[in-house]
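Coordinate analysis (summary)
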Amino acid sequence: MSFIADTQTLDDLNLAGRYRPDSVFNLFNKVKTRGGEQLLFKMFHHPMSDANQINARSALLKFFSRQALVFPFSREQVNDIDEYIAIHNGSFISTFLNITGKKIAAVALRDDAYPALSKQIKTTITLLKRFSHYLEQMNLGHEDHPFLLMLEEIKSKMSTGNLKWIKSLPDENDISLFNVIRLDHLLRHTHTADMQNILTSIYELDVYIAVGNVAITKKFSFAKALPDGSIIDAENLRHPSIEKAVGNPVSMSNAANVLFLTGANMAGKSTLMKSFGIAVYLAHMGFPVAADKMTFSVKDGIYSSINVPDDLSLGYSHFYAEVKRVRKVAEEICRPLRLVIIFDELFKGTNVKDAYDATLAITEAFSNQVECLFIISTHITEAGETLRQKGGPFQFVYFPSILENCKVPTYTYRLQHGISNDRHGMMIIENERILELIESGAN
C-alpha cells in the first residue's frame with residue numbers, strides 16, 4: 001500500500017502543484033528534461049510506505065548530493081531524441097525503402113523529412129557518446145542501488161558490449177545515405193530496448209542530480225525511516241520555501257502523540273504545522289527535508305485540515321465542512337490506519353462554547369489512537385488547560401509574542417512549552433485605528 005494524502009492535504013501543504021510557482025514540487029523542479037519533470041511529478045504523487053524503499057532512495061539522493069554533479073545535456077537535445085526513439089522501425093528492408101523515399105523527395109521536391117532525420121541521428125549519436133564519456137568520468141562508487149547498477153550496465157554495454165560501436169563512430173557533419181539507413185535501423189529496431197533504458201536512466205539521472213543539488217543548496221538533510229514504532233523526531237525543523245526560516249524541534253511518540261499548539265495570530269502556528277506536514281510527506285518520498293536531522297516511523301498517510309472551504313453548492317457552512325473533515329479522518333483512523341493528522345484551529349466556524357466542547361472531546365478521543373500522531377492548534381486555550389488537568393499523552397507548546405512599547409506585538413517564532421495566554425486581538429484592532437475610523441465616518 002502506498003502512502004496516502006488526499007487532495008485537500010496536498011493543497012493545504014502546497015505540495016504537488018506543477019503550475020503553482022511557490023509549490024514544494026517546484027522547489028525541487030530544477031530538472032532539465034520533459035521526461036525528468038514527468039518522473040519527478042510521479043514521485044510527488046506516490047510517496048512510499050516501506051522503510052527499506054524509503055531509505056534506499058534517500059541513500060541514492062544523498063550520494064548525488066555528495067557528487068554535486070551538473071546534468072550534461074540540454075532539454076532540447078533529450079526531448080528531440082525522445083521523440084526520435086519513440087517511433088520504432090520494422091525490418092531493414094522497410095527502413096531502407098522508407099529512408100530512400102525520403103532522400104528522393106529531398107532531392108526532387110526539396111522535402112525536409114530526410115535532412116530532419118539525418119539531424120536527429122547525428123544528435124542521438126552525439127548524446128550517446130557524451131553520455132558514455134560522462135559515465136566513465138562519474139565516480140559511481142560501490143553503492144548498492146538498482147539505479148547505479150543500471151548505470152554500470154549501460155557503461156559496460158557502451159564500452160565492451162553490444163553498444164560499443166557507438167563510440168567508434170566518427171563525428172561526421174554529413175552522413176551517407178547508407179549510414180543513415182544503417183544507424184536508423186540499429187537505433188530504432190535492433191537496440192530499441194537499450195535505447196529506452198538509456199533514456200530512462202537519463203531522466204532518472206536528471207531528477208537525482210536536481211534533487212541532490214537542492215539538498216546541498218538549501219542545506220536540507222535526509223531523514224531515516226524506521227519500520228516499526230510510532231515516532232517522529234526532527235531537529236531544527238523549518239519551512240522549506242521560507243528563506244532564513246526559524247527552526248524548531250518537534251518530537252512525538254505514541255507516549256505523547258498529541259501536540260497541542262497555541263499562540264497568537266501571526267505567531268507561527270500555521271507555518272509550523274505546514275513545515276511538519278511537508279517534512280513528513282517528503283520523508284516518505286525519500287527526499288531531503290528542511291531539518292538538521294529527522295527520524296520517523298513509517299506511516300500509512302497524512303491528513304490535514306488547514307484551509308477547509310465551505311461548499312455552498314452542497315449547502316455546507318464552514319462549520320459543517322469542518323465536521324465533515326473530522327469525520328473523514330475518524331473513518332480513516334478506524335480502518336485502521338497509522339496516520340499523521342494536522343488540524344489548524346478546530347471548529348473555528350462555530351460559537352466559542354461549542355468550539356470548546358468539541359475541541360476537548362475530539363482531542364481526547366484522538367489521543368487514544370496511539371498509532372497516530374496529531375498536531376492540533378486552537379485559540380480555545382481553556383480546552384488546553386482542561387486537558388492538562390486531566391492528564392494524558394499530550395504535549396503543550398506555544399509560540400510567544402512580545403509587546404514592544406506595550407502596544408506592538410512581535411514574534412520570536414520559537415516554540416516554548418506550555419499554553420499561551422496572549423490576548424492581543426483587540427490591541428491589534430486598536431493599533432489599526434478601526435474604531436476611530438468608523439466613528440469619524442459617522443460624524
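Small disclaimer: the values here were computed from a predicted structure and weren't measured.

What to know about the overall build of the protein chain
In terms of helices and strands, the protein chain carries 16 helices and 15 strands. Its C-alpha atoms give the protein chain a radius of gyration of 29 Å, more than 25% over the compact-globule value 22 Å for 443 residues. With respect to the principal axes defined by its C-alpha atoms, the protein chain has extents near 85 × 60 × 45 Å. Put simply, the protein chain has 443 residues, and 50% of those count as buried. Nonlocal contacts in the protein chain, meaning residues at least 24 apart in sequence, comprise 74% of its contacts between residues at least 6 apart.

Quick word on the packing of aromatic side chains
What describes a pair of aromatic rings is the distance from one ring centre to the other and the angle between the planes of the rings. On inspection of all chains with the given rule, the structure shows 18 aromatic pairs. Taken together, the ring pairs connect F25, F28, F41, F44, F220 and F287 into an aromatic cluster. Above the plane of the ring of F41 lies R18, whose end atom (NZ or CZ) is 4.0 Å from the centre. One residue, R388, lies across the ring of F396, its end atom 5.9 Å from the ring centre.

Remarks on the pattern of salt bridges
In total, this model carries 17 salt bridges according to the counting rule given. Taking the shortest distance from any N to any O, the salt bridge between R34 and E83 comes out at 3.6 Å. Taken as a pair, R34 in helix α3 (residues 34-44) and E83 in helix α5 (residues 75-85) lie far apart in primary sequence, 49 residues in all. What you see here is one network of salt bridges that share partners, running through E153, K157 and D194.

Concerning helix α11 (residues 269-285)
The terminal C-alpha atoms of α11, which comprises 17 residues, lie 25 Å apart, in line with the 24 Å expected from a rise of 1.5 Å per residue. A large share of α11 lies buried, amounting to 14 of its 17 residues. Positive backbone phi, at 80°, marks G286, one or two positions downstream of α11.

Remarks on unusual backbone geometry
For the bond from R335 to P336, the omega torsion is 0°, close enough to zero to count as cis. As for its position among the elements, P336 is in the loop between α12 (318-333) and β10 (339-344). Residue R110 is not a glycine yet carries a positive backbone phi of 55°. Along the chain, R110 falls in the loop between α6 (92-109) and α7 (113-137). Classification of R110 as exposed rests on a relative accessible area of 78%.

Rules and cut-offs
Residues numbered from 1 in each chain as written. Predicted model: local features only at pLDDT ≥ 70, side-chain atom pairs only at ≥ 80, totals over all residues. Heavy atoms only, no water. Helix = DSSP H or I, 4+ residues; strand = E, 2+ residues; numbered from the N terminus. Rg over C-alpha atoms; globule rule 2.2 N^0.38 Å. Buried < 20%, exposed > 50% of the residue type's maximum accessible area, 1.4 Å probe, protein only. Contact = heavy atoms within 4.5 Å. Phe/Tyr/Trp six-rings, centres within 6.5 Å; stacked < 30°, edge-to-face > 60°. Lys NZ or Arg CZ within 6 Å of the ring centre and 35° of its normal. Salt bridge = Lys/Arg side-chain N within 4 Å of Asp/Glu carboxyl O. Expected span 1.5 Å × (residues − 1).

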